[in-house]
Amino acid sequence: MPLHLLSSPAAAAKLAAGLRAAPFRRCHSFATAPRHPDRVSLATSLSPAAAARSAGPAVAAAQTKLRVSGKKQVLISLSDKTDLAYLGNGLQGLGYSIISTGGTATSLEAAGVSVTKVEEVTNFPEMLDGRVKTLHPSIHGGILARRDQEHHLKALKDHGIGTFDVVVVNLYPFYDKVTSGTISFEDGIENIDIGGPTMIRAAAKNHKDVLIVVDHNDYPALLEYLKGNQEDQQFRRMLAWKAFQHVASYDAAVSEWLWKQSNKGEMFPPSFTVPLELKSTLRYGENPHQNAAFYADKSLSLVGAGGIATAIQHHGKEMSYNNYLDADAAWNCVSEFDSPTCVVVKHTNPCGVASRQDILEAYRLAVKGDPVSAFGGIVAFNTTIDEDLAREIREFRSPTDGQTRMFYEIVVAPGYTEKGLEILQGKSKTLRILEAKISGKGMLSLRQVNGGWLAQESDDLTPEDITFTSGSERAPQENELADAKFAWLCAKHVKSNAIVIAKNNCMLGMGSGQPNRRESLRIAFRKAGEEAKGAALASDAFFPFAWNDAVEEACQNGIGIIAQPGGSIRDEDAVACCNKYGVSLVFTGVRHFKH
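A quick note: this is a predicted structure, and the numbers were derived from the prediction, not measured.

Participant: Break down the overall build of the protein chain for me, with residues and values.
Facilitator: A tally of helices and strands in the protein chain yields 22 helices and 21 strands. Taken over 595 residues, the protein chain has a buried fraction of 52%. Here the contacts in the protein chain between residues at least 6 apart in sequence split such that 66% fall between residues at least 24 apart. Of the accessible surface of the protein chain, which amounts to about 26800 Å², a share of 51% is contributed by carbon and sulfur atoms.

Structure follows, in structure tokens:
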């Protein structure tokens, strides 16, 4: 998770003093350039001195002079050459000699920067299509030698090797290559960097004497530091940390890719690394006394997967810890539906859901489902918010009194028209307006427990993926079965023990999070009121105790159809009770526990 060091002189000074500054938030993990230069060199069988001698006395003398002249040296080898000219000219202006690899050297020369090519130092040509170039004692000796160890310096002098004071390296664009579309296995392998990580790790290990830079955003801070002739170890350690993290993220991507290439269909490897990138620090966590931050998952499997983590915020206060949780719950729920749908969430539970061809009507019905809970909640849509919908969101009054304008923490949708966004921005200065891509399916879901993590496949089942089997004498009507499927899909996103009452593609009432499922049942009926008559009731699991009493209570309240997983020893009691009241009962065969 690389960080961007500050680029202004004042900010660079702060970093040099070891202060952690705001641009830590701006970060990226991998180079984006579509090309990679030649790099990497295997140590030759000849010693550096012997290699120099084999090239002739004049060449050997020139190389020895270059290595032991005492002039400060920089090694630069880059795939992403962003701001390279700026860096090269800056270093040259400070009196540094620049050693570089072929592609980087060519770019520097084109910018008017004097360069010595790596092969002039190693006296060994680039070979094997660029695979072999920098893994050589003349390079790594100059990086790894400790300046406070006399025998290290003597070894360098004996072999005519000069020291490097700065190493600037980034890596082949492996991440971008393997996520850009179809790529052959052979092409993926060729984009795995070897020499780059080795140089980075070597310089980072010896950061006391060698400054290592892996991100072009850090060039200004580097030049400012060098200009001041500072010797602050905190600055060096920060760059070293970033370098090791850069390589760790890179290796995580390579490992993930190779696992998928080698074990297709197996989701759970024996071990794996999740690369995280700091997106923002948060004002506080779940409670004000807890510090918090938000990280984006940079796993290859999540590229293009959508979701709240990659949402664009167009307006409003910065997101909080709880905002992210609630927005994620709302977006995951609304993404399930194909027809125009509105979902209102409060404390991660959907308290209102409605689908209609007219999205304005869907919005009104979703709020009506529980207007008290909807106030201060999150409202999500699976359609673009245009001028009419934005005006409705802005001006809609609470159904409880017809007077109070509805207040929301967040609005999230897949898109906004220009006018729609303008109108919505006028609702409140604090309203967070998010634009998100529909969440992908087939993801690996991770959840932390003390000392470990739980991993599972994401719950992607929809009503179309399962069979609703009739268990009662009265078979459900087509509209009743449609209501049952809608209620079941809503219940999937309600915390256990979940009960949802729905009719005509609209949630009428829900109960959640109760240790006793019958309490959830009663809460749902209390919210649904008289509209529960003839509606569908969905439960995310069966009632383990007194199932007959609970079913009877539902039937007595006028429910038309009940959908529950089945498989309980109480199933016969439930069937008998539904037959007694003439209520349809369908078994889904699938549970949807949501903790």
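Participant: Give me the lowdown on the sheet that holds strand β19 (residues 536-539), citing residues and values where you can.
Facilitator: Backbone hydrogen bonds are what pair the strands of a sheet, in a parallel or an antiparallel way. If you walk across this open sheet you meet the six strands as β16-β21-β20-β19-β17-β18, and the pairing is mixed. With one partner strand each, in any of the chains shown, β16 (469-470) and β18 (507-511) form the two edges of the open sheet. Sheet analysis places strand β17 (residues 499-502) next to β19, joined by four bridges and oriented antiparallel. Considered in β19, the bridge of Val 500 is made with Ala 538. Contacts between helix α20 (residues 517-528) and the sheet are confined to β17, β18 and β19, with β18 contributing the most and set at about 150° to the helix.

Participant: So what about the nonpolar core? Which residues, and what values?
Facilitator: Among the nonpolar cores identified, the biggest contains 56 residues, and Leu 75, Ile 76, Leu 91, Ile 143, Val 167, Val 168 and Ile 212 are the most heavily contacted of them. Counting residues in each nonpolar core, the second largest holds 53 residues, with Tyr 363, Leu 424, Leu 508 and Val 575 among its members.

Participant: Which residues make up the environment of Ile 143, and what values go with them?
Facilitator: Take Ile 143: it is sitting in helix α7 (residues 137-144). In sequence terms Ile 143 and Ala 203 are 60 residues apart; their C-alpha atoms lie 5.8 Å from each other.

Participant: Describe the pattern of salt bridges, and please don't skip the residues or the numbers.
Facilitator: Per the stated rule, a full pass over the model turns up 22 salt bridges. In this structure, Lys 260 engages Glu 256 in a salt bridge whose closest nitrogen and oxygen atoms are separated by 3.4 Å. Here Lys 260 pairs with Glu 256, and both are found in helix α13 (residues 233-262), just four residues apart, close to one helical turn. Here Glu 256 falls in the buried class, since its relative accessible area comes to 17%. One salt bridge in this structure joins Glu 553 and Arg 522, with 3.0 Å as the shortest N-O distance. Within this pair, whereas Glu 553 is found in helix α21 (residues 547-556), its partner Arg 522 is found in helix α20, the two being separated by 31 residues in sequence.

Participant: Break down the side chain of His 493 for me, citing the residues and quoting the values.
Facilitator: The residue His 493 is located in the loop between α19 (478-491) and β17 in this model. Residue class for His 493 comes out buried when judged on its relative accessible area of 9%. A distance of 2.8 Å separates polar atoms of two side chains, one belonging to His 493 and the other to Glu 336. Beyond its immediate sequence surroundings of up to four residues, His 493 is in contact with Asn 332, Cys 333, Glu 336, Thr 348, Asn 349 and Pro 350.

Participant: I'd like a rundown of the sheet that holds strand β1 (residues 73-77), residues and numbers included.
Facilitator: Strand order in the open sheet formed by five strands is β3-β2-β1-β4-β5, with parallel pairing between adjacent strands. Strand pairing shows two members of the sheet lacking a second neighbour, β3 (116-117) and β5 (211-213), which therefore form its edges. Contacts from helix α5 (residues 102-110) reach β1, β2 (97-100) and β3, with the element oriented near 140° to β2.

Participant: So what about the packing of helix α11 (residues 195-205) against α13? Which residues, and what values?
Facilitator: In a packed pair of helices, the relevant descriptors are the angle between the two axes and the axis-to-axis distance. Running from amino to carboxyl end, α11 crosses α13 at an angle of 150°, the nearest separation of the two axes being 9 Å. As the angle between them shows, α11 and α13 are arranged roughly antiparallel. The handedness of the crossing between α11 and α13 comes out as left-handed. For the pair formed by α11 and α13, the contact residues are Pro 197, Ile 200, Arg 201, Ala 204 and Lys 205 on the first element and Ala 240, Ala 243, Phe 244, His 246 and Val 247 on the second. Split by residue class, the contact of α11 with α13 holds seven nonpolar, one polar and two charged.

Participant: Describe the packing of helix α15 (residues 359-368) against helix α17 (residues 387-395), listing the residues and the values that go with them.
Facilitator: Where α15 meets α17, the closest approach of the two axes is 10 Å, and the angle between their N-to-C directions is 20°. On the basis of the axis angle, α15 is roughly parallel to α17. Where α15 crosses over α17, the two elements pack in a sense that is right-handed. Two secondary-structure elements touch here, α15 through Ile 359, Leu 360, Tyr 363 and Arg 364 and α17 through Asp 388, Leu 389, Glu 392 and Ile 393. Each residue belonging to the contact of α15 with α17 can be placed in one class, and the counts come to five nonpolar, no polar and three charged.

Participant: Tell me about the pairing of strand β11 (residues 377-381), and please be specific about residues and values.
Facilitator: Buried residues dominate β11, accounting for five of its five residues. Since β11 and strand β12 (residues 408-413) lie parallel, the crossover through α17 that links them has a hand, and here it is right-handed.

Participant: Can you tell me about the state of the cysteines, naming the residues and giving the values?
Facilitator: Under the criterion given, the structure shown has zero disulfides. Note on Cys 490: no disulfide assigned, nearest cysteine sulfur contributed by Cys 333 at a separation of 5.8 Å. With a relative accessible area of 0%, Cys 490 lands in the buried category. Distance from the sulfur of Cys 555, which forms no disulfide, to the nearest cysteine sulfur (Cys 578) is 4.4 Å.

Participant: So what about α19? Which residues, and what values?
Facilitator: With 14 residues, α19 extends 20 Å between its outermost C-alpha atoms, agreeing within 8% with the 20 Å of an ideal straight helix rising 1.5 Å per residue. Among the residues making up α19, those that are buried are Glu 480, Asp 483, Ala 484, Phe 486, Ala 487, Trp 488, Leu 489, Cys 490 and Ala 491.

About the criteria used
Residues numbered from 1 in each chain as written. Predicted model: local features only at pLDDT ≥ 70, side-chain atom pairs only at ≥ 80, totals over all residues. Heavy atoms only, no water. Helix = DSSP H or I, 4+ residues; strand = E, 2+ residues; numbered from the N terminus. Buried < 20%, exposed > 50% of the residue type's maximum accessible area, 1.4 Å probe, protein only. Contact = heavy atoms within 4.5 Å. Areas by Shrake-Rupley, 256 points an atom, 1.4 Å probe, with all protein chains shown as cover. Pairing = 2+ DSSP bridges. Axes fitted to C-alpha atoms, helices over the stretch in contact; angles between N-to-C directions. Core = buried A, V, L, I, M, F, W, Y, C linked by side-chain atoms within 4.5 Å. Salt bridge = Lys/Arg side-chain N within 4 Å of Asp/Glu carboxyl O. Polar contact = N/O pair within 3.5 Å; in protein donor to acceptor, adjacent residues only side chain to side chain. Parallel < 35°, antiparallel > 145°, perpendicular 65-115°, else oblique. Left-handed = near helix turned anticlockwise from the far one by under 90°. Nonpolar A, V, L, I, M, F, W, Y, C, P; charged D, E, K, R; others polar. Right-handed = clockwise from strand over helix to strand, strands pointing away. Disulfide = S-S within 2.5 Å. Expected span 1.5 Å × (residues − 1).

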